[in-house]
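So you can see what is in the structure, the chains are spelled out below.
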Amino acid sequence: MRKFLGVALILLFALVIILPSLIIQGLGRLRSPVEVETQERVVRLLDHTRGEVIALPLETYVAGVVAGEMPAEFEMEALKAQAVAARTYTLKKIEEARAKPDPKHPQADLCTDPTHCQAWVPQGALRQRYGFWQGLRYERKILQAVDATQGLVLTYQGELIIPVYHSNSGGRTESAEAVWGYDIPYLRSVLSPWDRESPRFRNTVTFTLAELDQKLGVNLSAVPAAALTPPRGQAIKVEEYTPTGRVKTIRIGDKTFKGTELRQLLGLSSTDFTWQVEGDRITFISVGNGHGVGLSQYGANGMAKEGKNFLDILYHYYRGVKVEKR
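*Asks:* Could you give an account of the packing of aromatic side chains, naming the residues involved and the relevant values?
*Replies:* Using the criterion set out here, one finds six aromatic pairs in the structure. Consider the rings of F74 and Y298, whose centres lie 5.0 Å apart with planes at 80 degrees: the pair is edge-to-face. Highlighted residues: F74 in the loop between helix 2 (58-69) and helix 3 (76-99) and Y298 in helix 9 (residues 297-305), separated in sequence by 224 residues. Assigned by exposure class, F74 and Y298 land together as buried. Look at F132 and W133: their rings are 4.9 Å apart centre to centre, the planes differ by 90 degrees, and that puts the pair in the edge-to-face class. Three or more aromatic residues joined by ring pairs make a cluster, and in this case those are F207, F273 and F284.

The following block contains the structure:
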């Protein structure tokens, strides 16, 4: 009996301690930045949280971007589409950085700040987020998506595109011209009805009028509530909408703001917003999450659930492009 218990304890120790360690070591060997083959492209990445520049194999970096930018529980074909978009974005940024270094990270090609480049998480982050075994399954799933699309990029007329993406468009994506003021032929507005599946399809932010005055440098606190309430109120009035119905310019008090500027100042989830006033409080109701241009991530997941593959997804959101291997 004692001999049996001893064997059982050894097996239990191997299962709980040694096996997970071997699995992690195996994944590390598969994607270790130390074991970079000389012909593999390397990404110089500024970890903005630590202020350090690290070198990663391209495909390892892409896997970290997919893990950081898209929910790991998404469909495989959506993850593949994200991998191709992330790889294309990366190579485009490397091209630009090698020609003219970015002043925000002159020693690196990209950074980990998602407001400037792409979100990125290191290996093991998903295990911390979801628990060891679930996180391990998600890591393997993402690696599968990256491996299945290895080397694939998006081009337009032979050049790498700027494959911007966002969480969800609120039902229709926006053109680059409407958001940034310059036309990009492959970044046109397209329908994206699958976005309604997003848990952040509709979002609200509430301020007191005094808080809004402080944030925007206006004086709405002294204005009657009727003057703040659409459609007759004139103290807050949209002066111009984009072709998809988002706010392009809006006048608040005696100031005029771009919709994109107001979104940033107030932390709104999109420029597709309305507002309501109750007493001394104003609530902004936004539809969608993100700038709305290019690939909608929730749209991609919705298309994948309907049986579309990653090429279908990419060709829907980026018009007139080609998927090529480079």
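Picking up after the structure, the text goes on.
*Asks:* Before we move on, can you summarise the side chain of Q118 with the specific residues and values?
*Replies:* Along the chain, Q118 turns up in the loop between strand 3 (110-111) and helix 4 (125-130). A polar atom in the side chain of Q118 sits 3.2 Å from the side chain of Y61. Excluding its chain neighbours within four sequence positions, the residues that come into contact with Q118 are Y61, V65, E69, A86, Y89, T90, L110, C111, T112, D113 and Y165.

*Asks:* Break down the side chain of H316 for me, citing the residues and quoting the values.
*Replies:* Considering the arrangement of structural elements, one finds H316 in helix 10 (residues 310-317). Within the structure, H316 has its side chain in polar contact with the backbone oxygen of L191 (distance 2.8 Å). Sequence-distant contacts of H316, defined by excluding residues within four places in its chain, comprise V190, L191, W194 and M303.

*Asks:* Could you give an account of the environment of A178, naming the residues involved and the relevant values?
*Replies:* As for its placement among the helices and strands, A178 is situated in helix 6 (residues 176-180). Classification of A178 as buried rests on a relative accessible area of 16%. In this structure the C-alpha to C-alpha distance between A178 and T242, which are 64 residues apart in sequence, comes to 6.0 Å. Sequence-distant contacts of A178, that is, excluding residues within four places in its chain, are made with T242, P243 and K248.

*Asks:* Describe in detail the sheet that holds strand 9 (residues 247-252), supporting the description with residues and values.
*Replies:* The strand order 8-9-10 describes an open sheet built from three strands, whose pairing is antiparallel. Pairing within the sheet leaves two strands with one partner each, and these edge strands are strand 8 (236-241) and strand 10 (255-258). Pairwise comparison of adjacent strand axes, ignoring direction, gives a mean angle of 25 degrees for this sheet. Here strand 9 runs beside strand 10; their pairing, made up of four bridges, is antiparallel. When the sheet's bridge partners are listed, I250 is paired in strand 10 with F257.

*Asks:* Explain helix 9 to me, and be specific about the residues and the numbers.
*Replies:* Most of helix 9 sits out of view: eight of its nine residues are buried. Among all positions of helix 9, only Q297, Y298, G299, A300, N301, G302, M303 and A304 are buried. Looking at the buried positions of helix 9, the neighbouring elements they touch are helix 2, helix 3, strand 6 (165-166), strand 13 (295-296) and helix 10. Positive phi appears at G307, one or two residues downstream of helix 9, with a value of about 100 degrees.

*Asks:* Which residues make up the packing of helix 9 against helix 10, and what values go with them?
*Replies:* Packing of helix 9 against helix 10 brings their axes to within 9 Å, and their N-to-C directions diverge by 135 degrees. Relative to helix 10, the element helix 9 is oriented oblique. In this structure, the crossing between helix 9 and helix 10 has a hand that is right-handed. Counting all contacts with helix 9, which are made through G299, A300, M303 and A304, the residues of helix 10 involved are D312, I313, H316 and Y317. By residue class, the composition of the contact of helix 9 with helix 10 is five nonpolar, two polar and one charged.

*Asks:* Account for the sheet that holds strand 14 (residues 322-325), naming residues and giving values.
*Replies:* Pairing is antiparallel in the open sheet, where three strands are placed in the order 5-4-14. The sheet is open, and its two edges are formed by strand 5 (159-160) and strand 14, each paired on a single side. Here strand 4 (residues 152-156) pairs with strand 14 via four bridges, running antiparallel. Looking at the pairing, T155 lines up with K322 of strand 14. Helix 3 contacts strand 4 and strand 5 of the sheet and is inclined by roughly 65 degrees relative to strand 4. With respect to the sheet, helix 10 is in contact with strand 4 and strand 14, its orientation differing from that of strand 14 by roughly 130 degrees.

*Asks:* Which residues make up helix 8 (residues 259-266), and what are the values?
*Replies:* Because each turn of an α-helix spans 3.6 residues, side chains separated by three or four positions end up pointing in the same direction. Regarding helix 8, the residues found buried are G259, L262 and L266. One side of helix 8 carries all its buried residues, which in axial view fall inside an arc of 60 degrees. Those residues of helix 8 that are buried lie in contact with strand 7 (202-208), helix 7 (209-216), strand 9, strand 10, strand 11 (273-278) and strand 12 (281-287). One or two steps after helix 8, the chain reaches G267, where phi turns positive at roughly 70 degrees.

*Asks:* Residues and numbers for unusual backbone geometry, please.
*Replies:* Here the phi dihedral of Q157 falls at roughly 50 degrees; this positive angle occurs in a residue that is not glycine. Mapping Q157 onto the fold places it in the loop between strand 4 and strand 5. Classification of Q157 by relative accessible area gives exposed; the value is 70%.

Cut-offs and rules
Residues numbered from 1 in each chain as written. Predicted model: local features only at pLDDT ≥ 70, side-chain atom pairs only at ≥ 80, totals over all residues. Heavy atoms only, no water. Phe/Tyr/Trp six-rings, centres within 6.5 Å; stacked < 30°, edge-to-face > 60°. Helix = DSSP H or I, 4+ residues; strand = E, 2+ residues; numbered from the N terminus. Buried < 20%, exposed > 50% of the residue type's maximum accessible area, 1.4 Å probe, protein only. Polar contact = N/O pair within 3.5 Å; in protein donor to acceptor, adjacent residues only side chain to side chain. Contact = heavy atoms within 4.5 Å. Pairing = 2+ DSSP bridges. Axes fitted to C-alpha atoms, helices over the stretch in contact; angles between N-to-C directions. Parallel < 35°, antiparallel > 145°, perpendicular 65-115°, else oblique. Left-handed = near helix turned anticlockwise from the far one by under 90°. Nonpolar A, V, L, I, M, F, W, Y, C, P; charged D, E, K, R; others polar. Arc of directions from axis to C-beta.

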